[in-house]
Amino acid sequence: MKVSARHTMPFPTFPVSFLWTLCSVNVFVLTAYSDLLLEDDPFQPVTSDETVAVGGTVTLTCQVAENDNSSLQWSNTAQQTLYFGEKRALRDNRIQLHRSTPTELSITISDVQLSDEGEYTCSIFTMPVRTARATVTVMGVPGKPQISGYEDPVLEGERITLTCTSSGSKPPAKLRWYRGHEEIQGQPQDVAPDPDDRTFRVRSELHLTVTRADNEAPIACTVDHPALAEGDKRTERQLIVQYSPDVYIRPGSDLPREGEKFLLQCVGIGNPEPTSYEWKKNDGDLPSLAKVDGSFLRFELLNKSDNGMYLCQASNGIGRGQGDYVLLVQDAADGGADPTAMTASNGVDHAVIGGVVAVIFFILLCLLIVLGRYLIRHKGTYLTHEAKGSDEAHDADTAIINAEGGHSSAEERKEYFI
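Heads up: these notes are all about the structure in this document. Owing to the predicted nature of the structure, the values given are computational and were not obtained by experimental measurement. Every chain's residues receive numbers from 1 upward, in the order its sequence appears when written. Local features in a predicted model are, by the rule used here, given only for residues with pLDDT of at least 70; side-chain atom pairs are given and counted only at 80 or more, and totals for whole chains, interfaces and linings are based on all residues. Side-chain descriptors were evaluated using all non-hydrogen atoms of the structure, hydrogens and water having been removed beforehand.

## Some points on the pattern of salt bridges
By definition here, a salt bridge exists when the distance from a side-chain nitrogen of Lys or Arg to a carboxyl oxygen of Asp or Glu is within 4 Å. The final tally for this structure, using the stated rule, is 19 salt bridges. One network of salt bridges, in which partners are shared, links D92, R94 and D116.

Here's what the structure looks like:
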């Protein structure tokens, strides 16, 4: 008995990657076609995603272009019906009907909690039933920041660490540091989820080397979060910095005079304020008539021997500071008049007198010059006429006659008149 062999036609084989690609293309085409149908479907509900802060109120709106008398329905994240048309289905007073028309169903949820976050569904009971989904995102409101790590006053030059912490934020809040109105850079903040709910705890550190300029400066930590208005959550701490005093000496008057009373005050600016003062004279002992009265040095009767540099040291328990003042005693006042005014008046008088004298001298000089020129001119004329008569005479008698204006002069005059 012969057994004949059956010949079979082999099926073509395709790579697995090709099959997956083909399936993906089919799914994409079907999805795109479905979306196109939904967009053109007048009975398809339309919703929108919403974001709300804890404690706020959110409005969920579902709309259709047309309605065939079918009812709209809202369901919560657990697929529990909230409203079916105008009828309340869930006994939760926080959920209220906002608007109900044949083409719209809107509801509000007040006092929103983190547990209300999720996906809500709107349905219209046509054949087939059509649905749309709206995602509600609930933001956790961060608590007021707390600053720790600094309790007691610190000394100038010390390095301190301040820590700012805020809980209950979702998404995580951002912490910012300020000195007065100037923002300062803190360390990168730590973010940790709160084990009791779905919020976050944020923490930031600030390292400062304090100076005396930081004394009574406000250091603030603020929370930056979309659920808050700017500057809504802010905590301030005032730094108290202790430092040694800066010292200067303030005189009782600007013009110390011999024979008068005089006062010097030692002024120390520090934290805490100075509690002890020490007066010295740079080149010797204090004058016998100078009395120390705490921060004051009183001179009962000034003398020019009191001239010199005076030093004051002030101490506040943190450190010491020193100031100096050079005393230069002026001459005693004359009759109570202001020597400055007298000096000014005398200077003016001398200037006027000097000016007048200069003018008079100039006038006299001019007169002398004119008079001299006049005398020289007339003296020369007289000598010329005398010589003229004597030169033409043959003897002494004739010369005298001619010099006195004798016959020659007479004849010249006669000829002039003729």
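The structure having been displayed, the exposition proceeds.
## Brief notes about the packing of aromatic side chains
The aromatic pairing rule takes the rings of Phe, Tyr and Trp, using the six-membered ring of Trp, and pairs them if the centres are within 6.5 Å, calling planes under 30 degrees apart stacked, those over 60 edge-to-face and the rest tilted. As enumerated under the stated definition, the model contains three aromatic pairs in all. For the pair F262 and F299, a centre-to-centre distance of 6.1 Å together with 45° between the ring planes defines the contact as tilted. Separated by 37 residues along the polypeptide, F262 in strand β20 (residues 262-271) and F299 in strand β23 (residues 296-299) bring together distant segments of the chain. Look at F262 and you get buried, because its relative accessible area is 4%. Per-residue accessibility, obtained with a 1.4 Å probe over protein chains only, is compared with the maximum for each type, and a residue is labelled buried under 20%, exposed over 50%, and partly exposed between these values. With relative accessibility at 2%, the residue F299 sits in the buried group. Runs of H or I in DSSP of at least four residues are treated as helices and runs of E of at least two as strands, each being numbered from the N terminus.

## Points about the side chain of T222
Here T222 shows up in strand β17 (residues 218-224). Note on definitions: a residue-residue contact is assigned when non-hydrogen atoms from the two residues lie within 4.5 Å. Apart from the residues within four sequence positions on either side, T222 is in contact with K174, L175, R176, Y178, K233 and R234.

## Thoughts on the sheet that holds strand β1 (residues 50-53)
When DSSP finds two or more bridges between two strands, those strands count as paired. Here six strands make up an open sheet; going across it, the order is β1-β9-β8-β3-β4-β5 and the pairing mixed. What marks the edges here is a single partner per strand, and that holds for β1 and β5 (87-88). Across three bridges, strand β3 (residues 72-75) lies against strand β4 (residues 81-84) in antiparallel orientation. For S75, the partnering residue across the bridge sits in β4 and is T81.

## Re the pairing of β20
When you tally the buried positions in β20, you get seven out of ten residues, the bulk of the element. Here strand β19 (residues 241-251) runs beside β20; their pairing, made up of seven bridges, is antiparallel. The residue bridging P251 from the neighbouring strand is L264, located in β20. Relative to β23, β20 is paired through four bridges, and the arrangement is antiparallel. From the neighbouring strand, Q265 faces β23, where its bridge partner is F296.

## Quick look at the nonpolar core
Core analysis: the largest hydrophobic core is formed by 21 residues, its most contacted members being L60, L72, W74, I107, I109 and Y120. Mapped onto this core, the elements with two or more residues apiece are β2 (58-63), β3, β4, β7 (104-109), β8 (118-124) and β9 (130-139). Here I107 is in contact with V58, T59, L60, W74, L82, Y83, I95, Q96, L97 and H98, once residues within four sequence places are set aside. To define a nonpolar core, start from buried Ala, Val, Leu, Ile, Met, Phe, Trp, Tyr and Cys residues and group those joined through side-chain atoms within 4.5 Å. Ranked by size, the runner-up nonpolar core spans 20 residues in total, among them Y150, I219, C221 and V241.

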